[in-house]
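Coordinates in review
Here's the letter readout for the chains.
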Amino acid sequence: FEAVTSGLQKGEVQFPMPSKFSLKTLPKPMSNRIILKEVPSQKLAALSFSGPPPDNHEVTRRLATLESTLLEFGLEPDGKVQVHQYHPPFAPNVMRRNEVLVGYRTKGRLWRVPLVWENSV
């Protein structure tokens, strides 16, 4: 489950809820701007990197790297691109964590995909 705060200038903020809760057992939001919705599970590939919040150019560049890695290991990118940021707004850029994620499906025989770690500032 995710609680989505909508109406923000640059997008939405999403908070995953523990799986032990259902829509019926989650506390009712105190604001009508908060929408609770069930999100189906999915397999996502992620590319993590540090630095300032990525702009469209940076997301496109990182997505190209992620997609080529998926294809190299017999996985086909399939799905909406997501950008996750794990940091408070006051954190210095060098301490910020970002991820570009995309869904995928297998194209044939699946080999074990190594953990690819990219860490740049």
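Check the entry above for the structure.
Reference entry: report on the structure contained in this document. (Residues numbered from 1 in each chain as written. Predicted model: local features only at pLDDT ≥ 70, side-chain atom pairs only at ≥ 80, totals over all residues. Heavy atoms only, no water.)

Brief notes about the pairing of strand E4 (residues 44–50)
Here is the rule: Three exposure classes are used, based on accessible area relative to the maximum for each residue type with a 1.4 Å probe and protein chains only: buried under 20%, partly exposed in between, and exposed over 50%. Note on conventions: DSSP H or I runs of at least 4 residues are helices, E runs of at least 2 residues are strands, and numbering of each starts at the N terminus. A strand pair is defined by DSSP finding two or more bridges across the two strands.
The element E4 is extensively covered by neighbouring structure, given that five of its seven residues are classed as buried. Note: E4 against strand E7 (residues 97–106), seven bridges, orientation antiparallel. Within E7, the position partnered with leucine 44 by the bridge is glycine 103.

As for the packing of aromatic side chains
The condition is simple: Working definition: rings of Phe, Tyr and Trp (its six-membered ring) pair if their centres are within 6.5 Å, and the pair is stacked with planes under 30 degrees apart, edge-to-face with planes over 60 apart, and tilted otherwise. In this scheme, Lys NZ or Arg CZ marks a charge over a ring once it lies within 6 Å of the ring centre and within 35 degrees of the ring normal.
Counted by the stated rule, this structure contains zero aromatic pairs. Note that arginine 62 overlies the ring of phenylalanine 49, its terminal NZ or CZ placed 4.1 Å from the centroid.

With respect to the nonpolar core
Stated precisely, the cut-off is as follows: For this analysis, a nonpolar core means a set of buried residues of the types Ala, Val, Leu, Ile, Met, Phe, Trp, Tyr and Cys, connected via side-chain atoms within 4.5 Å. Residues count as neighbours in contact if any of their non-hydrogen atoms are within 4.5 Å of one another.
Counting ten residues, the largest nonpolar core is built from Ala45, Leu47, Phe49, Val59, Leu63, Leu66, Leu70, Leu75, Val100 and Val102. Counting residues per element, the ones that place at least two in this core are E4, helix H1 (56–72) and E7. The element best represented in this core is H1, accounting for four residues. Discounting residues that sit within four places of it in the chain, leucine 63 has contacts with Val81, Val100 and Val102.

Side note on the pattern of salt bridges
Oppositely charged side chains can pair when the atoms bearing their charge come close. Rules: One speaks of a salt bridge when a side-chain nitrogen belonging to Lys or Arg is within 4 Å of a carboxyl oxygen belonging to Asp or Glu.
Counted under the stated rule, the structure contains four salt bridges. A salt bridge links glutamate 76 to arginine 105; the nearest nitrogen and oxygen atoms lie 3.1 Å apart. Here arginine 105 lies in strand E7 and glutamate 76 lies in strand E5 (residues 75–77), a separation of 29 residues in the sequence. Since its relative accessible area comes to 39%, arginine 105 is described here as partly exposed.

A few points about the side chain of glutamine 82
As a reminder of what qualifies: Polar contact criterion, stated in full: a pair of N or O atoms within 3.5 Å, where within protein one must be able to donate a hydrogen and the other to accept it, and residues adjacent in sequence count only if both atoms are side-chain atoms.
If you trace the backbone, glutamine 82 turns up in strand E6 (residues 82–85). In this structure the side chain of glutamine 82 is engaged in a polar contact, spanning 2.8 Å, whose partner is the side chain of histidine 84. With residues up to four places along the chain from it excluded, the contact list for glutamine 82 reads Gln42, Leu44, Glu99, Val100 and Leu101.

Looking at the side chain of asparagine 98
Note that asparagine 98 resides in strand E7. Asparagine 98 gets classed as buried once you look at its relative accessible area, which sits at 1%. A distance of 3.0 Å separates the side chain of asparagine 98 from the backbone oxygen of glycine 51, its partner in a polar contact. Excluding its chain neighbours within four sequence positions, the residues that come into contact with asparagine 98 are Leu47, Ser48, Phe49, Ser50, Gly51, Pro52, Pro53, Pro54, His84, Gln85 and His87.

A few points about the environment of valine 102
Among the structural elements, valine 102 can be located in strand E7. Taking relative accessible area as the criterion, valine 102 reaches 1% and is therefore assigned buried. With near-sequence residues (within four places) excluded, valine 102 lies in contact with Lys43, Leu44, Ala45, Leu63, Leu66, Leu70, Asp78, Gly79, Lys80 and Val81.

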